[in-house]
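So the chains spell out like this:
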Amino acid sequence: MTSSSPKVNLALQGGGSHGAFTWGVLDVLLEDGRIEIEGISGTSAGAMNAIALAHGFAQASERTRQEMRESARASLEQFWEGVVRLGALTSSMTQAQRLPLDILFGGFTSSCGDESPSQLLSHAMTSFWSKAVSPYQSNPLEINPLKDLLEKLIDFDRIATYGDLKIFVVATEVNTGKAEIFAGKRLTAKAVMASACLPTIFHAVEIEGKHYWDGGYSGNPAIHPLIYRCDSSDIVLVQINPIKHDKLPKTSGEILDRINEITFNSALVAEMRAIDFVKRLLAEGTLDPTRYKDVRMHRIDGGETLEDFHASTKTATDSKLIYALRDLGKDSANIWLKNKFSSLGVASSINISRDYLDDLRVPSR
């Protein structure tokens, strides 16, 4: 990697199995090799992608930059193949055996439109029990194979001492409802699981006497640390939750899906509002540019691409779905590199006001 390579920060949204889209994006950016990554902020599946990439870099830190990128690509592939294997484990069980695990994982189901009536019934039962039964009842022993997978694959101690890539993982502190950032030595498997802790499925994760739920409620992803704890002014958002839908949701499933999309995008919209506000004040000369950074925002958008994927597929882990999502991510990243790469270091390549800000004007009579 040459010194002229643009340095960027990555903001990776969470979205369950749809994080495989982000895997595809990262794979292309690493293979392309023209971008240097300074920092990554990730939530839930975005956090898992971030630490898998960081693990690959840290494992090959004494090698060439190209070898480090290849190591990161291999680490990401190993993680997602592990997720697929966990899904295959539940698929090999009988329905009676699988139901507790389905509740635990959030419902590993087929997503390719070919579910049998029994599979549909199983998914409906899983959805019902995950809402009607507390995880403290359905999973009293706090069994979580995904945490075991992370601890097996990721060397968190090595990531903590690797200083060339900054990783920020956000979780929501249950008592206060505020976002908390985990980085450095505080970045552990428990912190990553806290970032992915859906409270209807998992026990709250306890860290240092505090309890945490999914980071998507308070920062999906958190952009603030990329602005004020990194030097680069370019932030590339990998978005996998659609901001808008053209179709009115009418079925109960569609309504719940849209509620979840709005909920898990609300923190991002708030941060975008703040970024736009600061940029406008800097342009007007109202703010001191030595204290406030004029951020250049970019986006690789999986939201529209993934709009046709029902939200239930966020908890599906069959290989056909995972690899299809990865390939969509690759396609989107290649298109972005072709059309937007030249904007890095120059100007924002998205219109924040148009895409994210509310119209709060009071209509005149």
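Preceding this section is the structure that the text describes.
Residues numbered from 1 in each chain as written. Predicted model: local features only at pLDDT ≥ 70, side-chain atom pairs only at ≥ 80, totals over all residues. Heavy atoms only, no water.

## Details of the nonpolar core
Here's step 1: Counting residues in hydrophobic clusters, the biggest one holds 62 residues, and the most contacted among them are L10, I40, I51, L53, F79, L165 and I167.
Here's step 2: In terms of residue count, helix α2 (residues 45-59) provides more of this core than any other element does, 9 residues in total.
Here's step 3: When residues no more than four places from it in sequence are discounted, the contact partners of L10 are L26, L29, I37, G39, I40, S41, L226 and V236.
Here's step 4: Counting 18 residues, the second-largest nonpolar core is a separate cluster that includes F168, M272, V295 and I352. (Core = buried A, V, L, I, M, F, W, Y, C linked by side-chain atoms within 4.5 Å. Buried < 20%, exposed > 50% of the residue type's maximum accessible area, 1.4 Å probe, protein only. Helix = DSSP H or I, 4+ residues; strand = E, 2+ residues; numbered from the N terminus. Contact = heavy atoms within 4.5 Å.)

## A closer look at the packing of helix α1 (residues 19-32) against helix α12 (residues 319-340)
Here's step 1: Relative orientation of the contacting elements α1 and α12 amounts to 45°, with a least axis distance of 6 Å. Regarding the angle of α1 to α12, the classification is oblique. By crossing handedness, the relation of α1 to α12 is classed as right-handed. Taken together, the residues of α12 that come into contact with α1 (itself represented by A20, F21, W23, G24, V25, D27, V28, L29 and D32) are I322, Y323, L325, R326, L328, G329, K330, S332, A333, N334, W336 and L337. (Axes fitted to C-alpha atoms, helices over the stretch in contact; angles between N-to-C directions. Parallel < 35°, antiparallel > 145°, perpendicular 65-115°, else oblique. Left-handed = near helix turned anticlockwise from the far one by under 90°.)

## Comments concerning the pairing of strand β8 (residues 296-301)
Residues in a regular strand project their side chains so that they alternate between the two faces of the sheet.
Here's step 1: Where strand β7 (residues 234-239) lies against β8, 6 bridges are found, and the strand directions are parallel. Bridging from a neighbouring strand, L237 pairs with R299 of β8.
Here's step 2: Of the crossover connections in this fold, the one passing from β7 over helix α11 (residues 252-284) to the parallel β8 is right-handed. (Pairing = 2+ DSSP bridges. Right-handed = clockwise from strand over helix to strand, strands pointing away.)

## Focus: the pairing of strand β1 (residues 7-12)
Here's step 1: Burial runs high along β1: 5 of the 6 residues are buried.
Here's step 2: As judged from the 6 bridges shared by β1 and strand β2 (residues 36-42), these two strands associate in the parallel manner. Note on β2: the bridge partner recorded for L10 is I40.
Here's step 3: One ladder, built from 4 bridges, connects β1 with β7; its direction is parallel. Counterpart to A11 in the pairing with β7 is L237.

## Structural notes on the packing of aromatic side chains
Here's step 1: On inspection of all chains with the given rule, the structure shows 5 aromatic pairs.
Here's step 2: Here Y217 and F264 contribute two aromatic rings whose centre-to-centre distance is 5.0 Å and whose plane-to-plane angle is 35°, an arrangement assigned as tilted. In this pair, Y217 is assigned in the loop between β6 (210-213) and α10 (224-228) and F264 in helix α11, connecting sequence segments 47 residues apart.
Here's step 3: For Y217, a relative accessible area of 33% corresponds to the partly exposed category. (Phe/Tyr/Trp six-rings, centres within 6.5 Å; stacked < 30°, edge-to-face > 60°.)

## Let's talk about the pattern of salt bridges
Here's step 1: Counted by the stated rule, this structure contains 18 salt bridges.
Here's step 2: In this structure, E151 engages K147 in a salt bridge whose closest nitrogen and oxygen atoms are separated by 2.6 Å. Remark: K147 and E151 occur in helix α7 (residues 145-153); sequence separation between them is 4 residues, near one turn of the helix.
Here's step 3: K147 sits in the partly exposed class, given a relative accessible area of 24%.
Here's step 4: Among the ionic pairs, R299 bridges to D355, the shortest N-O distance being 3.0 Å. With R299 in strand β8 and D355 in helix α13 (residues 352-356), this pair connects stretches of sequence that are 56 residues apart. (Salt bridge = Lys/Arg side-chain N within 4 Å of Asp/Glu carboxyl O.)

## A short note on α1
Here's step 1: Between its first and last C-alpha, α1 extends 20 Å over 14 residues, near the 20 Å set by a 1.5 Å rise per residue.
Here's step 2: Extensive coverage of α1 is indicated by the burial of 12 of its 14 residues.
Here's step 3: Three or more residues of α1 are buried, namely G19, A20, F21, T22, W23, G24, V25, L26, D27, V28, L29 and L30.
Here's step 4: Phi turns positive, to about 80°, at G33, one or two residues after α1. (Expected span 1.5 Å × (residues − 1).)

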